Amino acid sequence: MPRATKGLAKHVVEELKAYETATNEKKKTRAIERLTKLLLKIRICLYGDASSVPTPEDVAAGGEELVSIIPSLVPLLVHDLESLEFEARKDAVLVFTYLAHYQLSEDGNCPLVQYVVSENPALLTHLFAEFAREGVHVHVYEMIKSLVASQQVTALLLDPAHQELFLQLFTYQTHPDFTVCTDAFDIFKDLLTRHGALACTFMSAQQVPLFERYNETLLRSENFVTRKQALELLGQLLVEQRNVEVRMAYINSRQNLYLIMQLLAEGSPAVQHSTYNIFKLFIANPSKTASIERVLFLNKEKIMKYIRNFETERDEDPTFMREKEFLLSKMEAVPDRPASSASLLTGATGAAAAAAVAAAAAKATSASAPSVALASSSSS
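What counts and what doesn't
Residues numbered from 1 in each chain as written. Predicted model: local features only at pLDDT ≥ 70, side-chain atom pairs only at ≥ 80, totals over all residues. Heavy atoms only, no water. Helix = DSSP H or I, 4+ residues; strand = E, 2+ residues; numbered from the N terminus. Buried < 20%, exposed > 50% of the residue type's maximum accessible area, 1.4 Å probe, protein only. Contact = heavy atoms within 4.5 Å. Areas by Shrake-Rupley, 256 points an atom, 1.4 Å probe, with all protein chains shown as cover. Salt bridge = Lys/Arg side-chain N within 4 Å of Asp/Glu carboxyl O. Core = buried A, V, L, I, M, F, W, Y, C linked by side-chain atoms within 4.5 Å. Axes fitted to C-alpha atoms, helices over the stretch in contact; angles between N-to-C directions. Parallel < 35°, antiparallel > 145°, perpendicular 65-115°, else oblique. Left-handed = near helix turned anticlockwise from the far one by under 90°. Expected span 1.5 Å × (residues − 1).

Colleague: I tried to follow the overall build of the protein on my own but got confused; where do I start?
Modeller: Scanning the protein for helices and strands turns up 20 helices and zero strands. Expressed as a percentage of the 380 residues in the protein, the buried residues total 51%. Partitioning the contacts of the protein with sequence separation of at least 6, the portion at a separation of at least 24 is 72%. Accessible surface for the protein amounts to roughly 17,500 Å². Of this, 53% is attributable to carbon and sulfur atoms.

Colleague: Could you clarify how one ought to interpret the pattern of salt bridges in this entry?
Modeller: Counted by the stated rule, this structure contains 14 salt bridges. For Glu15, the salt bridge is made with Arg34, and the minimal N-O distance between the two is 2.8 Å. You can see Glu15 sitting in helix H1 (residues 8-21) and its partner Arg34 sitting in helix H2 (residues 25-47), a full 19 residues away along the chain. The exposure class of Glu15 is buried, given its relative accessible area of 16%. Here Arg34 falls in the partly exposed class, since its relative accessible area comes to 38%. Here Asp186 makes a salt bridge to Lys145, at a shortest N to O gap of 2.9 Å. You can see Asp186 sitting in helix H11 (residues 178-193) and its partner Lys145 sitting in helix H8 (residues 137-148), a full 41 residues away along the chain.

Colleague: Looking at this structure, how should I read the nonpolar core?
Modeller: Nonpolar side chains tend toward joint burial in soluble globular proteins. If you look at the biggest cluster of nonpolar residues, it comprises 112 residues, and the most contacted ones within it are Leu112, Phe166 and Tyr214. When neighbours within four sequence positions are excluded, Phe166 is seen to be in contact with Leu157, Leu158, Phe188, Leu191, Leu192, Phe202 and Leu210.

Colleague: Would you mind going over the packing of helix H12 (residues 196-219) against helix H14 (residues 244-251) with me for this structure?
Modeller: Two elements in contact, H12 and H14, have axes separated by 10 Å at closest approach and are oriented at 50°. Classified by the interaxial angle, the pair formed by H12 and H14 is oblique. Between H12 and H14 lies a crossing whose hand is right-handed. Between H12 and H14, the residues in contact are Met203, Ser204, Gln207, Phe211, Asn215 and Leu219 and Glu245, Val246, Ala249 and Tyr250, respectively.

Colleague: How do you make sense of H11 when you look at a structure like this?
Modeller: Given 3.6 residues to a turn, an α-helix orients residues that are three or four positions apart in the same direction. Helix length check: H11 (16 residues) gives 22 Å between terminal C-alpha atoms against 22 Å at 1.5 Å per residue, within 8%. Residues of H11 that are buried: Val180, Cys181, Thr182, Asp183, Ala184, Phe185, Ile187, Phe188, Asp190, Leu191 and Leu192. Buried residues belonging to H11 abut H8, helix H9 (151-158), helix H10 (163-172), H12 and helix H13 (224-239).

Put into structure tokens, the structure is as follows:
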């Protein structure tokens, strides 16, 4: 850091320790006041302010000093975050995210990431536990977000040994607070998409329990935002080329087909849009299982009616019409398959799926519902 501010990071550690060991509220208040001033100075050293811009040399020096005391600074910063004043929390997060993106010139490694993964994974446990806490949620989210950008942290969170943290994100995605819900989805999406090879390996190994939980917790959620986001992400995951094994497993599951058929009747155009794009994968699948063919055959008339009457206002679009014709031809070719045991459409689940398709087909031709908006993937 600049000569006038050298040692600020060590002073922050000292004041955090002073706060934790303070024997009365007066001493704690004074420690917080000093911390607020120190964190502000560090933030200005790293990022500047309205009246000054730090030189690259100042930033580099500040980064080196912060890195040198990560083991003593970061745990205190994380655990005492709630005790800081709001502006000081913001500055603490800026220091943390700076460290999360700091890379050593010699090997490109991030010292904070190495520390969290190798020495103190309990920090992640603490951050996830605090994710929905009122007052600090936005700050905790930014800290986790900065860490999961790293492949090493993603690998840690997708490791079965630490799966309880990943599973917490399912719960947070159904949280009644909109911000908590959407921020949890953002982290969840990052973990399943940012580092594709890692995520693909994880999903392939965990696909049965993962998608059972995905379906029951997210797609069946009473929270509209949760359903909408989960459907969009599922469609993205299933069409990703590297996820072919995951895709085939999902679209060859009769229970998954039942669920998607039920969601076709969802009242929201946004949910219908994403559901239809997933439903098309079941129809277009060239390697359907007998049970999938049986369900499609028993609903053939309803499904074909639905496709024919779907967004007829776009029928002048040749690409859209070719897709319709392709799906209709695939449905026309679905063979009759005898049920292997009890009828595949008996019971509440199958009956609900069949009823949902009928309802969706009826909506598509209803004058009172001129645009069901089950748009194809080519729609905006």
